[in-house]
Amino acid sequence: MRSKLGLALVCALLALCGRAWAQSAPPGVHEDEAFDVMNLLSKAGLRDLGSERWNAYGQFTYITIFKAPFSAPYTNANGSNNSLSPEFERSYAGTFSLFFGVRLWHGAELYFAPEAIAERPLSNLKGLGGTTEIFELQKTGSETPVPYRARLFYRQYFDLGGKKVLLDSNPLQVGRTVTSHRLVLTLGNYSVIDVFDKNNVTWDPRQTFFNEAFMSHSAYDFPAEARGFTFGGAAELDWDDWAIRIGRFAPPQHPNEQSLDFRFWEYYGDSLELEHDHKIKGLPGAVRLLGYRNQVYSGAFADAIAAFEADPAKNAGACPANGYNYGSGNFTAPDLCWVRKQNVKVGIGINLEQFVAKDVGLFMRAMVADGQTEVEAYDSADGDFSVGAVAKGALWHRPFDVTGVGLQLSWISSIHAQYLAMGGVDDFIGDGHLKQAVEGLVEAFYSVNLFKAIWLAADFQMIWNPGYNADRPGPIFLPGVKVHAEF
Amino acid sequence: MAVATVVLHGTRAAAQQAQGFNVERFYPSAPGAGWFVMDDLDIHGDVGGAMQVTAAYDRDPLLVGSGASRLAVVSDRAFANFGGSMWYKRWRFYLNFDLPAVVYGSSGVVGGYTFTAPNVDPTTLPDPVGDVRLGTDMRVFGDPHGPFRFGIGAQVFYPSGRSQDYDTDGTFHAMFRALFAGNTDHFTYAAHIGTHLRWFDESQTPGSPKGSELLYGIAAGPIMPIGTSSWALVVGPEIYGATALRAFFSPTSTALEGLLSARLEGTRDDTIQIRIKLGAGVGNGQFGAPEWRVLTSIEIFNHNHVEHAP
């Protein structure tokens, strides 16, 4: 039994149904009727998808976005370098992923997921705080396809009793039966959001919204190297409708860098999530509370301002060339390069989902972070709120079609705004000046299915106040298209 | 991290920069093929498949220079290799990923060339993928469990990784092999001979590839059933290597390795089976063959819907 509703419920119960993300994008669940290798083998009588020893899936996604020109009174003022260009631009990302899973001994699974990406972000990935236009974009990508090992991790189930629960065969999930009371350990190389902050309505970004804003909290600065993955461990205790997850992961050595720091006792990112699943009038929903605490090597905005005010020679343009800095040429602005040390960042958020019909779901996320230190790995945002709806096309007899609409607002702390207003930059934003505002996004898409394996999607995004700057309000219009295939 | 700087046989000022390339001489057999390197050509039944993870460590796979003052450009290489294969009747198709984990060495100047040590570990490069291999094999004739089988195989390598880490030539390359295998109730053997079409040719650079190569190898060992169970232990040597076609079997252009391997494997059809392999071996320290290596592998495989003889 692999009905969508069943999957949604199982996922809600387990929160471990084959999801993973890129900038670590997650693979979604595959339908019974989907045209993929494992379903073909199953239909030929060669596989039992409910009790697998191994499985293999794959996906291809190509997204392109066109950014219409917009007017801006200034761009990269005073030598700063992080403005979104006001000129016409095209952004794209193409990914090809394979997902292999093997059952080892009792309760043990090993997963390996190689991936390749080719990409071109808008303005070199600069200028947007919480609304990166394509969720696939990475900080180290290139226009030439680059293969890399996205995931290689070990998962161990310890059944603790309760009802039997079927985990269907999916990418990053070998089909198996577990119990509703269980402990799940996930160790190795994967993305933090393979385990934390999942939402079964927004589900697989490759199937739904193009913008990164709906993949996770923009303010959830989870540890990751520049592609979005890391090493670490997570434990999850599932107890019927309840689940609690805790994990510790390796942060980058420098903010947003590819290299990782494996001194888990000194530098780390911890996450803790509590989930409760429920039904309202028979339709599944879930509430998740998520908190994180990063102890990482980073710069605090107040420290950078204080250092600059005490000694103007410690400005952005004068950052040591052999040190780690963001390349600003602004000699009249503070910079984080002078003050990086061990700092702590915390945040707390809520994540809601509720199906209101068999194939129609609503979602909402909101998070606030302390906003005292720079972005370490994800988005330059200190708070976010997103809401929206996603529906499958069963109502209009196209059950594999998907459509959705969403709104996201993100913002920064007052000290972060003060730092940017003085001309400072972090890894993603900093126009040289700032009139603080909320960055906003509205997005709508429709995805047409062909042959139960290919989706063609049209998407429209409107972003305002990019980089939280009301001096450059936009709005910016970004139409886009996508081709996505699963096999 | 063991990165040293040594100057041998030349001066730094006049030296040219040596290019990196794919130093690894362990070309694993397809998942489901039995041996570490050789292929048992046990390709039979309806649609079946295998998944395999191999972990290995090489010591001094790239030594350049001569005598006691040889420079270990690549002194340590630890990696995993993940592969999956599917087969049907006589055909097998497979895909392998080379996953370097640690690659260290020493920088220096040898023979007028500057060698820059690789420096790969999870802190510096968390997610490298070396060359990706796509291959196919066919059992041309011979019973899958008979005394003699002959097959052919082809592999194409998609360049990935970074040549400065000695993970890739940076170009496509391919292998074509003739495969021989057979077994009786208590003995099994396998051999191959073929060519490695390799466009990377740095003949003047010490220790570097010299274009296309001849591949050779043989393995044999007893099959020891474990009591009355459906498990068997196979222990035997695998001897294999490669030599540059343009310097046929010259000492510095020929890699030769001997590997003693033991594998415990399930022998039943129509159900999932496990194969666990351990191996250790020595090489001649030339042309990419390490001084020694150790490796282990775990694999699951199955042969489905086999029609048994009456």
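Residues numbered from 1 in each chain as written. Chains lettered and ligands numbered in written order. Predicted model: local features only at pLDDT ≥ 70, side-chain atom pairs only at ≥ 80, totals over all residues.

Caption draft 1: View of the overall build of chain B. Per the secondary structure count, chain B includes zero helices and 17 strands. For 310 residues, the compact-globule formula gives about 19 Å, and the C-alpha radius of gyration of chain B, at 20 Å, lands near that figure. With respect to the principal axes defined by its C-alpha atoms, chain B has extents near 75 × 40 × 30 Å. For chain B, with 310 residues in total, the buried portion stands at 51%. (Helix = DSSP H or I, 4+ residues; strand = E, 2+ residues; numbered from the N terminus. Rg over C-alpha atoms; globule rule 2.2 N^0.38 Å. Buried ≥ 20, exposed ≤ 12 C-beta atoms within 10 Å, placed from the backbone.)

Caption draft 2: The arrangement of the overall build of chain A in detail. The helix and strand inventory of chain A stands at four helices and 18 strands. A globule of 487 residues ought to have a C-alpha radius of gyration of about 23 Å, and chain A, at 22 Å, matches this closely. For the C-alpha atoms alone, the extent of chain A along its principal axes is close to 70 × 50 × 45 Å. Burial status across chain A gives 58% buried among its 487 residues. A sequence separation of at least 24 residues applies to 71% of the contacts in chain A between residues at least 6 apart. (Contact = placed C-beta atoms within 7 Å.)

Caption draft 3: Seen up close, the interface of chain B and chain A. The partner chain A presents 23 residues to the 19 residues of chain B that form the contact. Within the residue set of the side of chain B that touches chain A, elements represented by two or more residues are strand E3 (48-64), strand E4 (71-88) and strand E5 (91-104) of chain B. A per-class count over the side of chain B that touches chain A returns 13 nonpolar, five polar and one charged. (Nonpolar A, V, L, I, M, F, W, Y, C, P; charged D, E, K, R; others polar.)

Caption draft 4: Seen up close, the confidence of the model for chain B. Residues and elements named next belong to chain B. Within chain B, residue pLDDT values average 90, and 94% of them lie at 70 or more. Of the regions scoring below 50 in pLDDT, residues 1-12 engages in 37 contacts with residues more than four places distant in sequence or in other chains. Per the prediction output, this complex has pTM 0.85; the corresponding ipTM is 0.76. (pLDDT = per-residue confidence, 0-100.)

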